[in-house]
Amino acid sequence: MLQDWSHLFAPAVQDRICLLLNHVIGREAAATARLAPHAGRAVLVHLRGWPALLPPAPDLVLSITRAGLLERLDAAPADALRIELDASNPALLALGSLTGERPQVSVQGDAALAGDISWLMDNLRWDIEDDLAQLVGAMPAHQLARWGRAAAQGLATLARGAAGLMPGGSSGRGGA
C-alpha cells in the first residue's frame, strides 16, 4: 500500500524539486547560459542504492528549456544524460545537499552536457539565507541560517556515523 501511495505523490514532489532547481539556477546568469545551448536535451537522475525499506524513489527526468531552466518530464528519451547519485544513505544525501557536499555521482551520456551539469553541481548553492531575509529580514535570517547550518552539520555527522554502523555500510564520500 505504501508503495502505491508513494507513486501518487512522486510527481508532485518532483515538480517541487524542479521548482527549487529552477529557483537556484535562475539566480545565476552563468548557470542559465550554460544550460540554454542544451535546450531540448533531457537529464535522468537515478538514485542508486536506495534502501529497500523505504518507498521506491522513481527517476527524475528533466528537460532543458530554451531559457536554460528545467521542466519535469514523465518519461526519459533514449538519449537522456543519465546521472546516478549514491542514495544508499538518503539522510546523508539530503543533509549533504544543505551543507554543500557533493554526493558520489556517475554520469553516462553526452560529454558537453555532462560537463555543464558538473559545473552546476560544483558552483551553484541555494542561498537559503537570502531567501529567508526576504521573508523575515536580514538579521533574523542570518541567525536562522547559522542555526540551520549547525543543525545540518550535526545531523550529517550522525548520518555518517549511522552509515558506518550498517552492515556493508560505507561512510565514504566523493565526487564524480
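All chains use their own residue numbering, which begins from 1 and follows the written sequence. The predicted nature of this model means local features are confined to residues of pLDDT at least 70 and side-chain atom pairs, given and counted, to a pLDDT of 80 or more, with totals for whole chains, interfaces and linings taken over all residues. Side-chain measures here rest on the full set of heavy atoms in the structure, leaving out hydrogens and waters.

1. A word on the overall build of the protein chain
Next up, step 1: Segments assigned H or I by DSSP are reported as helices when at least four residues long, segments assigned E as strands when at least two residues long, and all are numbered from the N terminus. Counting its regular elements, the protein chain contains six helices and five strands.
Next up, step 2: Beginning at the N terminus, the succession of helices and strands in the protein chain can be written as α-α-β-β-β-β-α-β-α-α-α.
Next up, step 3: Exposed residues in this analysis have more than 50% of their type's maximum accessible area, buried residues have under 20%, and partly exposed residues fall in between, with area computed by a 1.4 Å probe over protein chains only. Of all 176 residues assigned to the protein chain, the portion counted as buried reaches 28%.
Next up, step 4: In the protein chain, 67% of the contacts between residues at least 6 apart in sequence involve partners at least 24 apart. Here, two residues are considered to be in contact whenever any of their heavy atoms come within 4.5 Å of each other.

2. Quick word on the nonpolar core
Next up, step 1: To form a nonpolar core, buried Ala, Val, Leu, Ile, Met, Phe, Trp, Tyr and Cys residues must be joined to one another through side-chain atoms within 4.5 Å. Ranked by size, the top nonpolar core spans 20 residues in total, and within it L35, V43, L70, L81, I83 and I117 carry the most contacts.
Next up, step 2: Put simply, the parts of the chain that give this core at least two residues each are α1 (2-26), α2 (29-35), β1 (42-48), β2 (60-64), β4 (81-86) and α4 (111-123).

3. A few points about α4
Next up, step 1: A helix is expected to reach a length of 1.5 Å times the quantity of its residues less one. Along its 13 residues, α4 runs 18 Å from first to last C-alpha, staying within 8% of the 18 Å computed at 1.5 Å per residue.
Next up, step 2: Of all the positions in α4, only L113, A114, D116, I117 and L120 are classed as buried. Each buried residue of α4 lies within a common arc of 165° when the element is viewed along its axis, so the set occupies one face. To obtain the arc, one takes the directions from the helix axis to the C-beta atoms.

4. A few points about the pattern of salt bridges
Next up, step 1: Salt bridges are identified by distance alone: a Lys or Arg side-chain nitrogen within 4 Å of an Asp or Glu carboxyl oxygen. Going through the model one piece at a time under the given rule, you end up with six salt bridges.
Next up, step 2: With a closest N to O distance of 3.4 Å, D110 and R41 form a salt bridge. One end of the pair, D110, is in the loop between β5 (105-108) and α4; the other, R41, is in the loop between α2 and β1, with 69 residues separating them in the sequence.
Next up, step 3: When its relative accessible area of 31% is taken as the criterion, D110 is described as partly exposed.
Next up, step 4: Look at R41 and you get partly exposed, because its relative accessible area is 21%.

5. Things to note about the side chain of S63
Next up, step 1: On the secondary structure map, S63 appears in strand β2.
Next up, step 2: Taking the relative accessible area as the measure of exposure, S63 reaches 9% and is therefore buried.
Next up, step 3: Excluding residues that lie within four positions of it along the chain, S63 makes contacts with G40, R41, A42, L69, L70, E71 and L73.

6. Remarks on the pairing of β4
Next up, step 1: For β4, the buried fraction is high: five of the six residues fall into the buried class.
Next up, step 2: Strands pair, by our definition, only if DSSP identifies at least two bridges between them. Pairing between β1 and β4: six bridges, direction parallel. Each residue of the ladder has a partner; that of L47, found in β4, is L85.
Next up, step 3: Note that β4 and β5 share four bridges and pair antiparallel.

7. Some thoughts on the pairing of strand β3 (residues 70-73)
Next up, step 1: Here β2 pairs with β3 via four bridges, running antiparallel. Its bridge partner lying in β3, S63 is registered against E71.
Next up, step 2: Linking two consecutive strands that pair antiparallel, namely β2 and β3, is a turn of five residues; a positive phi of about 80° is found at G68 within it.

8. Comments concerning the environment of L21
Next up, step 1: The topology assignment puts L21 in helix α1.
Next up, step 2: What L21 contacts, discounting residues up to four positions off in sequence, is L62 and L70.

9. Observations concerning the confidence of the model for the protein chain
Next up, step 1: A score between 0 and 100, pLDDT records how confident the predictor is in each residue. With 74% of its residues at a pLDDT of 70 or more, the protein chain has an overall mean of 80.
Next up, step 2: Contacts of residues 170-176 to residues separated by more than four positions or lying in other chains number 18 contacts, the stretch itself having pLDDT below 50.

10. A short note on the sheet that holds β1
Within a sheet, each strand pairs with its neighbour through backbone hydrogen bonds, oriented either parallel or antiparallel.
Next up, step 1: The five strands lie next to each other as β3-β2-β1-β4-β5, forming an open sheet whose pairing is mixed. The open sheet has two free edges, formed respectively by β3 and β5, since each of these has just one partner strand. Here the average twist between neighbouring strands, direction ignored, is 25°.
Next up, step 2: An axis is simply a line fitted to the C-alpha atoms; with a helix, the fit covers only the stretch in contact. Between two such axes, the angle follows the N-to-C directions and lies from 0 to 180 degrees. Lying over the sheet, α4 contacts β1, β2, β4 and β5, oriented at roughly 35° with respect to β4.

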